[in-house]
Amino acid sequence: MEKITLEEVKRLATLSALEFESSELESFATEFESILEMVDEIKSCDVDSKQTYKTHKFEELREDIPQESFSQEKALQNSPKTRKGAFAVSQMLEED
């Protein structure tokens, strides 16, 4: 596999909306190379001969029967904050 250049790291950072210090670029290039090596390793796995497993036994699931739901008022009654008929939550991410 070819070595990832610093220019490629800068381009990936731009596409991903990430900002790296100049001192971090080489470290991230090495990390990106490691990730691509893992992807190559996964690609080389023989998945055609492997047995597949079901995660659910559909016969054990209950029948989906439509039934009456909560009213909007009842659903919101214990919420500390509501706005325009919906749950209101505090902002969790900072804006630039």
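That block above? That's the structure.
What you see is a predicted model, and the numbers here were worked out from it, not measured in a lab. (Residues numbered from 1 in each chain as written. Predicted model: local features only at pLDDT ≥ 70, side-chain atom pairs only at ≥ 80, totals over all residues. Heavy atoms only, no water.)

A. Looking closely at the side chain of Ser79. With respect to the helices, strands and loops of the structure, Ser79 is situated in the loop between α3 (72–76) and β1 (82–83). At 2.7 Å, the side chain of Ser79 and the backbone oxygen of Lys81 are in polar contact. (Helix = DSSP H or I, 4+ residues; strand = E, 2+ residues; numbered from the N terminus. Polar contact = N/O pair within 3.5 Å; in protein donor to acceptor, adjacent residues only side chain to side chain.)

B. Structural context of helix α2 (residues 25–43). Under the 1.5 Å per step criterion, the end-to-end length of α2 is 27 Å for 19 residues, consistent within 8% with the ideal 27 Å. Along α2, the positions that sit buried rather than exposed are Leu25, Ala29 and Glu33. Across the axial projection of α2, the buried residues extend over an arc of 80°, all falling on one side. Opposite the buried face of α2, at more than 90 degrees from it, the exposed residues are Glu41 and Ile42. (Expected span 1.5 Å × (residues − 1). Buried < 20%, exposed > 50% of the residue type's maximum accessible area, 1.4 Å probe, protein only. Arc of directions from axis to C-beta.)

C. Seen up close, the pattern of salt bridges. Going through the model one piece at a time under the given rule, you end up with 1 salt bridge. With a shortest N-O distance of 3.6 Å, Lys3 and Glu26 are connected by a salt bridge. Here Glu26 lies in helix α2 and Lys3 lies in the segment before α1 (6–15), a separation of 23 residues in the sequence. In this structure Glu26 comes out as partly exposed when scored by relative accessible area, which is 39%. (Salt bridge = Lys/Arg side-chain N within 4 Å of Asp/Glu carboxyl O.)

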